[in-house]
Amino acid sequence: MKKNAIVGQSGGPTSVINASLYGVVYEALNREDVIGTIYGMINGIEGFLNENMMDMKPLEVNGELELIKTTPGSYLGSCRYKLPEDLTDAVYPQLFEKFEKYNIGYFFYIGGNDSMDTVSKLSRYAETVNSEIRFIGIPKTIDNDLVLTDHTPGFGSAAKYVASTVREIAIDASVYDNKKSVTIVEIMGRHAGWLAAASVLARKFEGDNPVLIYLPEVAFDQEQFLADVQKAFEHTSNLVVCISEGINDGNGKFVCELASDVGVDTFGHKMLTGSGKYLENLVKDRLGVKVRSIELNVNQRCSSAMLSATDEKEAIASGSFGVQTALKGTTGMMIAFHRTDDADYHITYAPEDVNLICNQEKTVPLDWITGNGSDIGQQFIDYAQPLIQGSVKVPEEGGLPKFAYRKCNCSEPSKIS
Ligand code: F6P
């Protein structure tokens, strides 16, 4: 008897997380010889606990599946849900009873380090009960902070958005040439500075904006920052400064915490936002020049206009490779990206142990950070440039992007259409 497959999305979305979903579903539909129904879990593992799921096949019939490829957000909805550390917790038999009820043989979870924690726990529990279900993680995150993979889907498009937007901001900031100004751009990425570093790609020549870039990997010193700004004014009157949302003093205190209390999510991560505003006030008070801060916020992870064709292609490929990997009998693995040594950029895909990936964070190598912690070196540029190449034509309706919308919120699987 054929086994069914189930796929879910978890954590913060990216502009290509649905391209990975497309890759999984497309490949699984192609393997109807061995795979039965392909379910999508609504709101990740949390939704699955309530049997909130949908059948993905009808999407192929009405053209929705094609549209999903270029739709931002997480089509299936997301969650930030931490499974208990204790594998004897009652939630595990509950979940596995539901897997059995729906005859699940293949489980795919598209997400970042926290989501790989879910894949790790489920696959470890499966071993204890001799379950044959194959658990596979498909990477995603604009933070690009997963270990054992060259990069993660979602980063390339977010990097392209950041670099293009910062280039546009720099042009706007330059119009009043005779008056000093500072524009501070706050970029996502939590404790890793990959995405903030991508702002360096906006530069058209040496000394161009963004003149200063600060990452969480290097302790942030406010006095040094003010001195850097003063020094930069010697060459540029309209300064653009890019900062990561996670800049901190090196002792665990985030700059955004100096402005107001920050909340935590279920994984205990502080919700980092507001460093740009804090520094805006600092510059205003101490330097008395015109200053404005811009928080790129969720725009950087949901822009369909700025999709990288390379990123989209790789997101789809990792999804379909995940299905092929599960069908070979592999479990407890995440699909990693390996960059070959060829002169031209080339990626191969390989399963890597999810237990070594979950809950780890890969930060920007310190020797890629230059300018005494205020600039990014050529190694990063060489690394990141291939990831932002190519653009994607997004279908339009009425002059606007046409997206796929999930019509079904199927809390009762029996009502799945
Ligand atoms: O993990 C990806 C990410 O986009 C981070 O860059 C950001 O700090 C976080 O998610 C925000 O999470 P949420 O959308 O759940 O508030």
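Because the structure is predicted, anything quoted here is derived from the model rather than measured.

Asker: Which residues make up the sheet that holds strand β3 (residues 53-55), and what values go with them?
Answerer: By way of backbone hydrogen bonds, the strands of a sheet pair with one another, either parallel or antiparallel. Strand order across the open sheet formed by 7 strands is β3-β2-β1-β4-β5-β10-β11, with mixed pairing between neighbours. Single-partner strands in this sheet number two, and they are β3 and β11 (347-353). Each strand axis lies, on average, 30° off the axis of its neighbour in the sheet, ignoring direction. Pairing geometry for strand β5 (residues 134-139) and strand β10 (residues 333-339), over 2 bridges, is parallel. Across the sheet, G137 pairs through a bridge with M334, a residue of β10.

Asker: Can you lay out the site of the ligand for me, pointing to particular residues and giving the numbers?
Answerer: With respect to spatial proximity, the complete set of residues near the ligand consists of R80, I142, D143, M188, G189, R190, E245 and R301. A distance of 2.6 Å is found between an oxygen atom of the ligand and a side-chain nitrogen or oxygen belonging to E245. Within the side chain of R301, one N or O atom sits 2.8 Å away from an oxygen atom of the ligand. Computed on the free molecule, the ligand has an accessible area of 400 Å², of which 77% lies beneath the protein chains in the complex. Looking at side-chain class alone, the shell around the ligand contains 2 nonpolar, 1 polar and 5 charged residues. Residues lining the shell around the ligand come from more than one domain, with at least three contributed by each of domain 1 (3-153 + 305-360 + 389-401) and domain 2 (157-302).

Asker: Break down helix α13 (residues 309-327) for me, with residues and values.
Answerer: An ideal rise of 1.5 Å per residue puts 27 Å on 19 residues; α13 measures up with 28 Å between its terminal C-alpha atoms. Most of α13 sits out of view: 14 of its 19 residues are buried. Phi for G329, located one or two positions after α13, is positive at around 100°.

Asker: Summarise the confidence of the model for the protein; cite the residues concerned and give the values.
Answerer: On average, residues of the protein score 95 in pLDDT, and 98% of them reach the 70 mark or higher. In the model, residues 413-417 has pLDDT below 50 throughout and makes 10 contacts with residues more than four positions away in sequence or in other chains.

Asker: Help me get a handle on the packing of helix α1 (residues 17-30) against α13, residues and values and all.
Answerer: Viewed as axis vectors pointing N to C, α1 and α13 meet at an angle of 40°, and their least axial separation amounts to 7 Å. The orientation of α1 relative to α13 falls into the category oblique. Considering only the axes of α1 and α13, their crossing is right-handed. Residues A19, S20, Y22, G23, V24, E27 and A28 of α1 form the contact with α13, whose own contacting residues are E312, A315, I316, S318, G319, S320, V323 and Q324. Across the contact of α1 with α13, the residue classes break down as 7 nonpolar, 6 polar and 2 charged.

Asker: With reference to specific residues and values, describe the UniProt feature "site: Important for catalytic activity and substrate specificity" (unreviewed entry) in the protein.
Answerer: Per the UniProt annotation, the sites labelled "site: Important for catalytic activity and substrate specificity" (unreviewed entry) are D114. Relative to the assigned elements, D114 resides in helix α6 (residues 113-128). The exposure class of D114 is buried, given its relative accessible area of 9%. Beyond its immediate sequence surroundings of up to four residues, D114 is in contact with R80, R190, F267, H269 and N359.

What counts and what doesn't
- Residues numbered from 1 in each chain as written.
- Predicted model: local features only at pLDDT ≥ 70, side-chain atom pairs only at ≥ 80, totals over all residues.
- Heavy atoms only, no water.
- Pairing = 2+ DSSP bridges.
- Helix = DSSP H or I, 4+ residues; strand = E, 2+ residues; numbered from the N terminus.
- Axes fitted to C-alpha atoms, helices over the stretch in contact; angles between N-to-C directions.
- Near = heavy atom within 4 Å.
- Polar contact = N/O pair within 3.5 Å; in protein donor to acceptor, adjacent residues only side chain to side chain.
- Areas by Shrake-Rupley, 256 points an atom, 1.4 Å probe, with all protein chains shown as cover.
- Nonpolar A, V, L, I, M, F, W, Y, C, P; charged D, E, K, R; others polar.
- Domains from an automatic or database assignment.
- Expected span 1.5 Å × (residues − 1).
- Buried < 20%, exposed > 50% of the residue type's maximum accessible area, 1.4 Å probe, protein only.
- pLDDT = per-residue confidence, 0-100.
- Contact = heavy atoms within 4.5 Å.
- Parallel < 35°, antiparallel > 145°, perpendicular 65-115°, else oblique.
- Left-handed = near helix turned anticlockwise from the far one by under 90°.
- UniProt positions renumbered as here; feature names shortened; annotations may be inferred.

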